[in-house]
Amino acid sequence: MSDRERADAVLEHVAVLAFLYYPGIEVDDPSYSLTDDIDWCLARLGDVSDVARERMRALFARAITDPTAAREELFTALSELDGALLVDPI
């Protein structure tokens, strides 16, 4: 999987989870786990350093629970991983 494909897959996972998340989901669905959702996204990252993995874990949590506030930072962090370019140069 190329860097771009990997980044796109991660963004897709985060987007789906952000769409489904709402405050109070843990009350409505006691089986819900934000940690499980984050782990599902982390699995798409592949082989990255522990430092990068922890940074992404925090970004995923923020992007799932407050996508508007976190999307730019997540997009930037993904583009920095292994030099992935998420957008084509003009």
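Residues numbered from 1 in each chain as written. Predicted model: local features only at pLDDT ≥ 70, side-chain atom pairs only at ≥ 80, totals over all residues. Heavy atoms only, no water.

K.L.:
So what exactly am I meant to see when it comes to the overall build of the protein chain here?
P.N.:
Scanning the protein chain from terminus to terminus reveals five helices and zero strands. Reading the protein chain from its N terminus to its C terminus gives the helix and strand order α-α-α-α-α. Taken over 90 residues, the protein chain has a buried fraction of 34%. (Helix = DSSP H or I, 4+ residues; strand = E, 2+ residues; numbered from the N terminus. Buried < 20%, exposed > 50% of the residue type's maximum accessible area, 1.4 Å probe, protein only.)

K.L.:
Help me understand the pattern of salt bridges in this model?
P.N.:
Pairs may arise between side chains of opposite charge once their charged atoms sit close together. Applying the stated criterion across every chain yields a total of four salt bridges. Here Arg-57 and Asp-39 are joined by a salt bridge, their closest N and O atoms 3.0 Å apart. One end of the pair, Arg-57, is in helix H4 (residues 50–65); the other, Asp-39, is in helix H3 (residues 34–42), and 18 residues separate them in sequence. Of the charged contacts in the structure, one is a salt bridge between Glu-80 and Arg-55, with a shortest N-O distance of 3.2 Å. Here Glu-80, found in helix H5 (residues 67–80), pairs with Arg-55, found in helix H4; they are 25 residues apart in sequence, far enough to count as distant. Of the residues examined, Glu-80 reaches a relative accessible area of 48% and is grouped as partly exposed. Using a relative accessible area of 38% as the deciding quantity, one classes Arg-55 as partly exposed. What emerges from the salt-bridge pattern is a single network uniting Asp-39, Glu-54 and Arg-57. (Salt bridge = Lys/Arg side-chain N within 4 Å of Asp/Glu carboxyl O.)

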